[in-house]
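Below are the chains, spelled out letter by letter.
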Amino acid sequence: MITREQIPTVLDHPVHDARGDKIGDARHVFFDDVTGQPEWVSVRTGLFGTSESFVPIHDAALVEDHLEVPYAKDQVKDAPHVDIDAGGHLSEQEEERLYQYYGINWDAVWQDAPSGTGQTTGTTGTTDDAMTRSEEEMHVGVERREAGRARLRKYVVTEEQQYTVPVRHEEVRVEREPISDTNRDRAMTGPDITEAEHDVTLYEEQAVVETRAVPKERVRLTTEEVTEEETVTGEVRKERIETEGTDEQGDQRRRH
């Protein structure tokens, strides 16, 4: 059990669960108005410590520089939200809700108190007459999340191409050669007058289309980090302390 003398060591220090996982940082300690003993500790949880959860401190232990409570991290984070009045009190109804959530017998706790459990008062743990003023500080971080997906997809398209190529073909041309002394012997061979035929084969070229797959390039997806500036806005609360009956220098005001 945590004593009043240990409260300054608890405040603003880590709070761990039964497995040793950090839940958050201790924000306030609440005392029972009747017994004067510490009953609850509020723990800052959530992103940047923006939430505050209540956890019983009766069975907690101070281990080195942190507080250990016999409850799971998720259980503490999911504890019901309770309202604190202007005087920093936790009402009986709110306290009963918390006891029921943590599985603590409310009737047994109420009967063990000298006159029944009254309101529970929050404190920053100081044992002297000084008042602690606290402020919330904004801590801005970044978290990595999925922003989208990119995919390479290959598909086939057909396009028409035109090429002009030269093609050759043979045509018949009739040549007439007069009889001369040079060709007379060849002209006089064979029968004198007869019928005859002579064939000549003609050739031509045709354009032939053939396709072949030829590698052209390789394509891959890569990622690169681009840094941009983003402005975030949030609200922080600050405590202010006013004096009554004294001036700013602490001297007692005189009435005229």
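All values derive from a computational prediction rather than experimental measurement.

Give a description of the overall build of the protein chain that names residues and reports values.
Counting its secondary structure elements, the protein chain contains five helices and eight strands. The order of helices and strands in the protein chain, counted from the N terminus, is α-β-β-β-β-β-β-α-β-α-α-β-α. Buried residues in the protein chain amount to 21% of all 256 residues. Within the protein chain, counting contacts between residues at least 6 apart in sequence, those at least 24 apart form 56% of the total. On the protein chain, roughly 22500 Å² of surface is accessible, and the fraction owed to carbon and sulfur atoms is 45%.

Give me the lowdown on the packing of aromatic side chains, citing residues and values where you can.
Any pair of aromatic rings gets described here by the distance separating the centres and the angle formed by the planes. Inspection of every chain in the model, using the stated rule, returns five aromatic pairs. Following the ring pairs from residue to residue traces out a cluster consisting of W40, Y71, Y99, Y101 and Y102. Cation over ring: R4 sits above F31, and NZ or CZ is 4.2 Å from the ring centre.

With reference to specific residues and values, describe the nonpolar core.
When a protein is soluble and globular, its nonpolar side chains tend to lie buried together. W40, V41, V55, L67 and V69 are the most contacted members of the largest nonpolar core, which totals 27 residues. Looking at this core, the elements that each hand over two or more residues are α1 (7-10), β2 (22-32), β3 (38-45), β4 (51-56) and α3 (92-101). Ranked by residues supplied to this core, first place goes to β2 with five residues.

Mind laying out the side chain of S134, listing which residues take part and the relevant values?
Within the secondary structure layout, S134 lies in the loop between β8 (120-123) and α5 (184-187). When residues no more than four places from it in sequence are discounted, the contact partners of S134 are R27, K238 and E239.

Residues and numbers for the pattern of salt bridges, please.
In this structure the tally under the stated criterion is ten salt bridges. Residue D12 pairs with R44 through a salt bridge whose shortest N-O separation is 3.3 Å. On the criterion of sequence distance, the pair formed by D12 in the loop between α1 and β1 (14-16) and R44 in strand β3 is long-range, its members being 32 residues apart. Residue classification places D12 among the exposed residues on the basis of a relative accessible area of 52%. A salt bridge links R168 to E205, with the nearest nitrogen and oxygen atoms 2.8 Å apart. Within this pair, whereas R168 is found in the loop between β8 and α5, its partner E205 is found in the segment after α5, the two being separated by 37 residues in sequence.

Tell me about a nonpolar patch on the surface, residues and numbers included.
On the surface, M138, V140, V232 and V236 cluster together into a nonpolar patch covering about 330 Å² of accessible area. Position of V140 among the secondary structure elements: in the loop between β8 and α5. Judged by its relative accessible area of 55%, V140 falls in the exposed class.

Explain α3 to me, and be specific about the residues and the numbers.
Where α3 is concerned, the buried positions are E94, E95, L98 and Y99. Burial along α3 is one-sided: seen end-on, the buried residues are contained in an arc of 140 degrees. In α3, the exposed residues that point more than 90 degrees away from the buried face are Q93 and Q100.

Account for the confidence of the model for the protein chain, with residues named and values stated.
Averaged over the protein chain, the pLDDT score is 80; the fraction of residues at 70 or greater is 82%. Predicted confidence is poor over residues 114-118, with pLDDT under 50, and the contacts of this stretch with residues over four places away or in other chains come to 13 contacts. Across residues 251-256, where pLDDT falls below 50, the model places seven contacts with residues more than four positions away in sequence or in other chains.

Requested: an account of the pairing of β2, with residues and values cited.
Judged by how many residues are buried, β2 sits mostly within the fold: nine of eleven residues are covered. One ladder, built from three bridges, connects β1 with β2; its direction is antiparallel. Note on β2: the bridge partner recorded for P14 is D25. Between β1 and β2, which pair antiparallel one after the other, the connecting turn spans five residues, and G20 there sits at a positive phi close to 95 degrees.

Break down unusual backbone geometry for me, citing the residues and quoting the values.
Phi is positive for D12, which is not a glycine, with a value near 60 degrees. Within the chain, E64 stands out as a residue other than glycine whose phi angle is a positive 55 degrees. Position of E64 among the secondary structure elements: in the loop between β5 (61-63) and β6 (66-68). Classification of E64 as exposed rests on a relative accessible area of 72%.

For the environment of T3, give the residues involved together with the corresponding values.
Here T3 shows up in the segment before α1. Note on T3: relative accessible area 33%, which makes it partly exposed. C-alpha of T3 to C-alpha of P38: the two residues are 35 residues apart in sequence and 7.2 Å apart in space.

What counts, and where the lines are drawn
Residues numbered from 1 in each chain as written. Predicted model: local features only at pLDDT ≥ 70, side-chain atom pairs only at ≥ 80, totals over all residues. Heavy atoms only, no water. Helix = DSSP H or I, 4+ residues; strand = E, 2+ residues; numbered from the N terminus. Buried < 20%, exposed > 50% of the residue type's maximum accessible area, 1.4 Å probe, protein only. Contact = heavy atoms within 4.5 Å. Areas by Shrake-Rupley, 256 points an atom, 1.4 Å probe, with all protein chains shown as cover. Phe/Tyr/Trp six-rings, centres within 6.5 Å; stacked < 30°, edge-to-face > 60°. Lys NZ or Arg CZ within 6 Å of the ring centre and 35° of its normal. Core = buried A, V, L, I, M, F, W, Y, C linked by side-chain atoms within 4.5 Å. Salt bridge = Lys/Arg side-chain N within 4 Å of Asp/Glu carboxyl O. Patch = residues over 30% accessible without salt bridge, like charges linked within 9 Å, V, L, I, M, F, W, Y side chains within 5 Å. Arc of directions from axis to C-beta. pLDDT = per-residue confidence, 0-100. Pairing = 2+ DSSP bridges.

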